[in-house]
Structures are given as C-alpha cells and as structure tokens.
2 protein chains.
Amino acid sequence: MDRLFDKELRTLRKIILHMAAHVEESIALSVRSLKERNEDLAREVLRGEDITNGYDIAIDEIGMRLLALRQPMAADLRFITSAMKIGSDLERIGDLAVNIVERTLELLQHPPLKPLIDIPEMARLVQDMVKDAIQAFVDKNEALARDVCARDDAVDQLNDQVFRELLTYMMGNRETIPRAMGLLLIGRYLERIADHATNIGEDVIYLVKGKIIKHHCDQMKDDKGTRQEEG
Amino acid sequence: MDRLFDKELRTLRKIILHMAAHVEESIALSVRSLKERNEDLAREVLRGEDITNGYDIAIDEIGMRLLALRQPMAADLRFITSAMKIGSDLERIGDLAVNIVERTLELLQHPPLKPLIDIPEMARLVQDMVKDAIQAFVDKNEALARDVCARDDAVDQLNDQVFRELLTYMMGNRETIPRAMGLLLIGRYLERIADHATNIGEDVIYLVKGKIIKHHCDQMKDDKGTRQEEG
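Reading the values: the criteria
- Residues numbered from 1 in each chain as written.
- Chains lettered and ligands numbered in written order.
- Predicted model: local features only at pLDDT ≥ 70, side-chain atom pairs only at ≥ 80, totals over all residues.
- Least-squares fit on C-alpha atoms with pLDDT ≥ 70 in both.
- Contact = placed C-beta atoms within 7 Å.
- Helix = DSSP H or I, 4+ residues; strand = E, 2+ residues; numbered from the N terminus.
- Buried ≥ 20, exposed ≤ 12 C-beta atoms within 10 Å, placed from the backbone.
- Expected span 1.5 Å × (residues − 1).
- Axes fitted to C-alpha atoms, helices over the stretch in contact; angles between N-to-C directions.
- Parallel < 35°, antiparallel > 145°, perpendicular 65-115°, else oblique.
- Nonpolar A, V, L, I, M, F, W, Y, C, P; charged D, E, K, R; others polar.

## Thoughts on the relation of the copies chain A and chain B
Next, step 1: Here chain A sits on chain B after a turn of 180° about the axis and a move of 0.0 Å along it, with an RMSD of 0.0 Å. Considering both components of the superposition, the chain copies are consistent with a two-fold axis. Within chain A, the C-alpha atom positioned nearest to the axis of rotation is that of Gln71(A), 2.7 Å from it.

This is the structure we're talking about:
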C-alpha cells in the first residue's frame, strides 16, 4: 500500500508540473501575441483555458481522494494540501493569461501606441517566478522558494514604471487613453501573476518547514530570506 | 472523541463567521471612507488587515490539525477543506478592501471628480454576495450558494458601466485622468471581491453535493441553477 500511495503522490506532482508548463506557455504566448500583434497566438491561449481548468479539477479530485482514503500524516498531508493550493494559484495564473489576451485582442483593433519594452520584460520576470516556484515545489527547495518571494518587488517596481509612462501618454493625448488603459491593465495582470507565484513560494516554505509563513513574506524580503519565521 | 471533534468543527465554523463579518465591515468602511471623504475610516481598514491575516492563519492551522489528527471522512473532510479555501478567499477579499483604501487615500488628496452613485451601489451588491455566500456555507444552503454565483453578472455589468463613464471623463478632460484611474481601479477591486464571493458559492455547492462545480458556474447562471452539474 505504501508503494501505491507513493505512486499516487508522484501522479499528483506530475499533474502540477504539466499544469505549470501549460500556464507558463500561456503567459509567454499572451505577451508574444501582444508584442508581435499576432491574433492566432491569442486564440491559442483562449483555447487552452479548458485545459487549465481540467488540471485544476484533477488536482482537487486526486487530492481529496488521497486525503479521504489514505488519511496521510505530517509531510504527506502537507504535500497534498500544498498541491491543492498550488493548483488553485496556477488556475488563477491561467485566468490572468486569458485576461491579457482579451485586452490584446482589443488592442489589435488599433495601431500600436508605442514599442513595447517593459511589459515583455515583466512577462519574462513573472514567467521565471512561476517556473522557479514550481521547481522549488518539486525539489522541496526552500531557498529557491524564498528567492521567488523576494523577486516580487522587482515586478511591482516595473509595473509602477509602466503605469507612470502610460499616464504620461494619456495626459499628453486623449486619443491614446483607450490603448494606454489596455496596456496598463496588462501590466496589472502580470503583477498579479507575480503575486500568485509568491503564494506558491510561501506554500513551498510551508511544505518544507511545516510552518505557515504567509503574510510574512514582506518581512522575509527585507533580509533576503535569512530570518527564521515565527510561523 | 466524536463530540470533541464536533466541537472543533464548530470552532472552525465560528472563526469563518467572525472573519467574514470582519471583511464585510472592511468593504463597507472602505467605500464609506471614499464616499464620505473620511480618512479616519480608511485608516481603520488598514489597521484591520492584521486581524484578517490572523483569522486566515488560524483557519489553516486548525484545518491542518483536524486533517492530521482526526483523519475525517467524506462530509467532514469536505467541510474542513472548504473552510480552508473559504478562509483564503476571505483573506483576498480583505486585501482588496485594503487596495480600495489605498486608492481612496490618494483620491482624498484631490477635489472629488463626481458624486459617487454606481461604486457605492456595487459595494452594496458585493457585500451582500459575501454575506450570503457565508450564510450558504453555515446553513449548507445550495440554492443560496447558486443565487450568489448568479449575481456575479450584475456586478460585472455595473463595473462596465463605471468603466465607460470614467473613460468619458478622461477623454473629455485630461486633468481628470489620475482621479478617474483611481475610481476605475476601485471598480475593478469590487468586481474581484464578487469573483471571490462566487468562488465561495462554488465551494458551498461542492460541500453540499460532493461534486466539484468550479469553472461550471457560468453554465449554471444561464438557467438559474436548475441544471444538474456533471462535476
């Protein structure tokens, strides 16, 4: 029975990995469709939404079955509940990629406002955060999880920069307002993806240490993760 | 032992109720501070953030302890995992009330853009959604939970209306842009609170029926909740 249980836990881990790869791809495609003004890429992200939702439901169902039938203790219990939480965060990240695409499809109806530099850069940062948060989960790597949490500030700063620049466009020429609004929302969606990656990082720290650190990540960032959390 | 377990489940329910009352109050205060231009009310919401976080951690810790020590089956297991998910949603609702207040404190530095009608109306709708979603949880009332999910559309429509009106202000007079942006973001925060209330409604349906209905709520809304979900 123990070997079967281990196999089920590996299945859960594998689904999380597939789901993460899928939503990372959705983020990449959504911002590429915006930058390259390619509607086909945008449609691909929309078609992928059902896949994300399917993974999320599968994780919840397997997780609940394992909790009910296996009645796991300690580390296994934390692994299962963390996997379920990570599934929810990945699902919301997938939703945000869809939101990016919705704004992109509106923006593609109009000529480009400006060459895009900061938004693709933000997209790269948040994609790496999601990737590393999942890697930290798979490897139970607490240091990497803390590093992901610490990177949230850089994304926030980049988003503030995007916001200020777009506000300047809007103030300068009211015709730019609808397009600037679209880009501004896309910046916020990317910022929220970074927040979900941070949540995953916090779940990984909980998984490894057995202590809930959420809402403490801000303190953590101040000293680069060397502080011990009080829980 | 069964009576002790029941008592622990009641404690969990009671904490959810207290937490929900606290975040409902935060939503109400945040929008009142905006409408009445009262900075003190805004500060009260900021002070309340730690309380929300404390409730969230308490729910997670009690939930994990019950899962580990009691190894609950079926309905009790669903109750505990639902409570943990609802705790996360309430925590995010609390964060969004804080976001409203952050924008409000910026807006209070400037003269009012316009009398506020739709945003307070949205706030009333979303507060009722949160209240009823929690009531549905406490009473295991599936019909009320489905009703909450169905109300999400009305909030989305009101937010679209707010968005269009503010865009008109921005296009007409660029000096209104920073203030209109602030109000526009507050509309989006309220819309996201409604999304979290809908998540709670979905969790309640899962709790009652034992089937995962998330991502199916949209279908449900089309026929006012009479359709049976396939899970």
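Still to come is the rest of the account.
## Considering the interface of chain A and chain B
Next, step 1: Each partner contributes residues to the interface: chain A has 19 residues there, and chain B has 20 residues.
Next, step 2: Going through the elements one at a time, α3 (49-70), α4 (74-107) and α7 (152-172) of chain A are the ones with two or more residues in the side of chain A that touches chain B.
Next, step 3: By residue number, the principal contributor to the side of chain A that touches chain B is α3(A), which donates 7 residues.

## Details of the environment of Met170(A)
All names here are of chain A.
Next, step 1: With respect to the helices and strands, Met170 occurs in helix α7.
Next, step 2: Residue class for Met170 comes out buried when judged on the 23 C-beta atoms lying within 10 Å of it.
Next, step 3: Considered as a pair, Met170 and Ala180 are 10 residues apart in the sequence and their alpha carbons are 6.6 Å apart.

## Some thoughts on helix α1 (residues 2-35) of chain B
Next, step 1: Helix length check: α1(B) (34 residues) gives 50 Å between terminal C-alpha atoms against 50 Å at 1.5 Å per residue, within 8%.
Next, step 2: Positioned one or two residues after α1(B), Arg37(B) has a phi angle of 50°, which is positive.

## Points about the packing of helix α1 (residues 2-35) of chain A against helix α5 (residues 118-139) of chain A
Residues and elements named next belong to chain A.
Next, step 1: Where α1 meets α5, the axes come as close as 10 Å, and the angle between the chain directions of the two elements is 175°. Compared by their axis directions, α1 and α5 come out roughly antiparallel. On α5, the residues that touch Arg13, Ile16, Leu17, Ala20, Val23, Glu24, Ile27, Ala28, Val31 and Lys35 of α1 are Ile119, Pro120, Ala123, Val126, Gln127, Val130, Lys131, Ile134, Phe137 and Val138.
Next, step 2: For the contact of α1 with α5, the class distribution of residues is 15 nonpolar, 1 polar and 4 charged.

## Some remarks on the environment of Ile200(B)
Residue and element names in this part refer to chain B.
Next, step 1: Tracing the chain through its elements places Ile200 in helix α8 (residues 177-209).
Next, step 2: Between the C-alpha atoms of Ile200 and Leu90, which are 110 residues apart in sequence, the distance is 8.7 Å.
Next, step 3: Those residues in contact with Ile200 that lie beyond four places of it in its chain are Ile86, Asp89, Ala133, Ile134 and Phe137.

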